[in-house]
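# Fold and geometry: a report
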Amino acid sequence: MTPILTKEVFSAIAMVLTFLAFYPYIRAILKGRTRPHVFSWFIWAAVTFTVATAQLAGGAGVGAWPIAVSGLITGGVALLALSKSADTSIHRMDWVFLAVAFSALPLWWLTADPLAAVLILTSVDLIGFGPSIRKAWTLPHEENALFFTLGALRNGFVILALEHYSWTTALFPAAVGIACLMFVTMILGRRQIPLHRSAG
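Residues numbered from 1 in each chain as written. Predicted model: local features only at pLDDT ≥ 70, side-chain atom pairs only at ≥ 80, totals over all residues. Heavy atoms only, no water.

### Section: the confidence of the model for the chain
Filter applied, for reference: Think of pLDDT as the predictor's per-residue confidence, scored from 0 to 100. Every helix listed is a DSSP run of H or I at least four residues long, and every strand listed is a run of E at least two residues long, numbered separately from the N terminus.
Chain-level statistics for the chain give a pLDDT mean of 83 and a share of 92% at 70 or above. By mean pLDDT, helix H4 (residues 92-111) is the weakest element of the chain at 74, and helix H8 (residues 167-191) is the strongest at 93.

Here you go:
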């Protein structure tokens, strides 16, 4: 008898969670309530899609599909943000992130090892949490805890869907999933602490 919870089912659940996480965010952009940083979203799209390619090369199989779908949606968000005249301010660190992200492909080509690309791209993605952590520490109610909770859950199902387990296939979803959980924990914890505002 064929088991119900197959790798394909885990992959499908992860993709559904990806759409559920992005749907309210995209709606907020369309309604003008959210103005994402265009440059950052293009970087994240390149990072995510390249990781999916490396995972496929590493034998992840259907487990790489949700990451690839996430990369495509992220690219769509970047294009949508651009069309809506979102935040296009570019800082020096944005260029650093972009340069590091694009260095992953030639390094992969030189070493013939997709793990090298995954290591670089996972680091870039995690470093990208920095500005959000600084903001959420001061203004925890302005961050969407549900989005990151669904992101953590999605990455859990991505790991379950992997057809081959290795550092190349599992590092990115595991690291980002843990980072999302830690970020949500920080947001919820900070919301329990009264924020002291200076007298105006």
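### What about the side chain of Arg154?
The following threshold applies: When a residue's accessible area, from a 1.4 Å probe over protein chains only, is under 20% of the maximum for its type it is buried; when over 50% it is exposed; and in between it is partly exposed. Positive charge is attributed to Lys and Arg, negative charge to Asp and Glu, and no charge count is given to His or to the chain ends. The salt bridge definition used is simple: a Lys or Arg side-chain nitrogen within 4 Å of an Asp or Glu carboxyl oxygen.
Following the sequence through the fold, Arg154 ends up in helix H7 (residues 145-161). One buried charged residue, Arg154, remains without a salt bridge, the closest side chain of opposite sign being Asp125 at 7.9 Å.

### Describing H4
Operational definition: How far a helix is expected to stretch is found by multiplying one less than its residue total by 1.5 Å. Contacts were defined at the residue level, with two residues in contact if any of their heavy atoms lie within 4.5 Å.
Between its terminal C-alpha atoms H4 stretches 29 Å, which fits the 28 Å expected from 20 residues at 1.5 Å a residue. Listed in full, the buried residues belonging to H4 are Asp94, Phe97, Leu98, Ala101, Ala104 and Trp108. On its buried face, H4 is in contact with helix H2 (38-57) and helix H5 (114-127). Directly after H4, the chain includes Ala112, whose backbone phi takes a positive value near 60°.

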